[in-house]
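In case you want the letters, here they are:
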Amino acid sequence: MAIAAHPDDIEFLMSGTLTLLKKAGYETHYMNLSTGNCGSTTHNSQETTQIRLKEAQLSAEILGAIFHPPICDDFEIFYERELLKKLVPVLRRVKPAVILTHSPSDYMEDHMNTSRLAVTAAFVRGVPNDFPDFPAVSNYNCAIYHSLPHGLQDQFRQRVEPEIYIDTTSVQAIKRKALQAHESQQSWLEDSQKMNSYIRTMESFSSEIGNMSHAFEHAEAWRRRLHYGFSEPEFDPLKELGKAYLLNASYVES
Ligand SMILES: [Zn+2]
């Protein structure tokens with residue numbers, strides 16, 4: 001299950017790995033916490049919400065993932081109880097063995113708060129006294145993987161070293177198609193963030209990570225969260241991706 005902040009974050013950071021998991025036999029799930037209502041200078045908030053909902057649904061369909069609707073608006077992703085109340089039931093229903101989410105350190109608070117919300121919602125999956133309206137599930141093994149931050153650096157401009165590289169070259173075309181579904185974003189990002197080409201930005205990001213791996217043309221990269229509260233120590237289901245999985249030796253040594 002990929003849990004991101006805004007419509008298109010999954011496509012940039014996680015969709016390759018999600019697609020490979022799907023090909024490996026997993027049922028995959030797609031959820032953005034926010035509607036993305038602020039992602040336009042020409043449409044109002046409500047219109048933008050509607051446009052981006054359709055785009056995200058189309059993208060999830062392209063990725064073959066089950067779509068879960070957003071639970072708040074942009075800049076409303078706070079680490080707070082009300083949002084957990086909305087997220088915990090989803091997690092208890094889906095029971096993901098793998099959670100792909102944002103880096104806990106990133107350029108944007110929405111991303112960082114999404115990562116914290118996903119972590120806590122998973123942590124309380126088997127705690128019956130918390131959110132008792134939604135039956136808790138067993139404390140089954142759940143692995144959480146944090147993607148790299150935007151620009152591969154944290155909010156203090158420090159480069160973030162990944163632990164695991166995933167070769168996404170074979171699914172790059174699907175990744176591109178899923179990102180293209182977010183049609184409304186192509187011009188908005190050119191205006192607001194000087195991203196001269198939406199698709200090119202994603203491609204250069206994945207090829208930069210590929211270069212870092214010294215093995216793959218296109219890649220996504222992850223840090224596996226400490227297992228306490230989530231799984232047995234060695235539970236690392238991304239390993240099931242076989243040759244597409246590569247440990248970063250320098251991360252393991254450090
Ligand atoms: Zn985002």
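Definitions and cut-offs
- Residues numbered from 1 in each chain as written.
- Predicted model: local features only at pLDDT ≥ 70, side-chain atom pairs only at ≥ 80, totals over all residues.
- Heavy atoms only, no water.
- Salt bridge = Lys/Arg side-chain N within 4 Å of Asp/Glu carboxyl O.
- Helix = DSSP H or I, 4+ residues; strand = E, 2+ residues; numbered from the N terminus.
- Buried < 20%, exposed > 50% of the residue type's maximum accessible area, 1.4 Å probe, protein only.
- Donors = N, O, S within 2.8 Å, 3.2 Å for Na, K, Ca; no water.

> What exactly am I supposed to notice about the pattern of salt bridges here?
Side-chain pairing between opposite charges can occur once the charged atoms of the two side chains come close. Counting across every chain of the model gives 6 salt bridges. The partner of Lys 175 in a salt bridge is Glu 220, and the shortest N-O contact between them spans 2.6 Å. With a gap of 45 residues between them, Lys 175 in helix α6 (residues 172-180) and Glu 220 in strand β7 (residues 219-224) connect regions that are remote in the sequence. In terms of burial, Lys 175 and Glu 220 fall into one category: buried. Notably, a salt bridge pairs Arg 176 with Glu 203, separated by 2.5 Å at the nearest N-O pair. Linking Arg 176 in helix α6 with Glu 203 in helix α8 (residues 198-213), this pair joins segments that are 27 residues apart in sequence.

> In this structure, what is going on with the coordination of the zinc ion? I would like to understand it.
Four donors placed tetrahedrally about a metal ideally form angles of 109.5 degrees, and six donors placed octahedrally ideally form angles of 90 or 180 degrees. For the zinc ion, the full set of protein donor atoms is His 6 (ND1), Asp 9 (OD), Asp 9 (OD) and His 111 (NE2), and the range of their distances to it is 2.1 to 2.5 Å. Sequence positions of the residues that donate to the zinc ion give the spacing H-x2-D-x101-H. Here His 6 is found in the loop between β1 (2-4) and α1 (9-13), whereas its partner His 111 is found in helix α5 (residues 109-123), with 105 residues between them in sequence. The same class applies to His 6 as to His 111, namely buried.

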